[in-house]
Amino acid sequence: MLIVSGANGAPGALEEIAHLVAAGRLRVPIAASFPIGQIRRAAELQAGRHVHGKVVIDL
């Protein structure tokens, strides 16, 4: 099991996760994607707590 939460992250965990993503073995659900100009809208969506997946801000 990998722990990648802040200071408790296991050494090498981030690299292992990157490898899994690159290999197509780990997928992160994206609920919505917003350009930086719509960050307020993205924050409102996230604040609603009914999001199934990550809210992405395109920089």
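Residues numbered from 1 in each chain as written. Predicted model: local features only at pLDDT ≥ 70, side-chain atom pairs only at ≥ 80, totals over all residues. Heavy atoms only, no water.

Colleague: So what's going on with the environment of Ile-36? Residues and values would help.
Modeller: Here Ile-36 shows up in the loop between strand E1 (30–35) and helix H2 (39–47). In this structure, the C-alpha to C-alpha distance between Ile-36 and Leu-59, residues 23 residues apart in sequence, is 5.7 Å. (Helix = DSSP H or I, 4+ residues; strand = E, 2+ residues; numbered from the N terminus.)

Colleague: Which residues make up the pairing of strand E2 (residues 54–58), and what values do they have?
Modeller: In this structure, E1 lies alongside E2, joined through five bridges in parallel fashion. Bridge pairing in E2 links Phe-34 to Ile-57. In this view, the connection linking E1 to its parallel neighbour E2 by way of H2 has right-handed handedness. (Pairing = 2+ DSSP bridges. Right-handed = clockwise from strand over helix to strand, strands pointing away.)

Colleague: Give me a nonpolar patch on the surface: which residues, what numbers.
Modeller: A grouping of Ile-36, Ile-39 and Leu-59 is seen on the molecular surface, where their side chains present a nonpolar patch of about 360 Å² in accessible area. Counting through the fold element by element, Leu-59 comes out in the segment after E2. Of the residues examined, Leu-59 reaches a relative accessible area of 90% and is grouped as exposed. (Patch = residues over 30% accessible without salt bridge, like charges linked within 9 Å, V, L, I, M, F, W, Y side chains within 5 Å. Areas by Shrake-Rupley, 256 points an atom, 1.4 Å probe, with all protein chains shown as cover. Salt bridge = Lys/Arg side-chain N within 4 Å of Asp/Glu carboxyl O. Buried < 20%, exposed > 50% of the residue type's maximum accessible area, 1.4 Å probe, protein only.)

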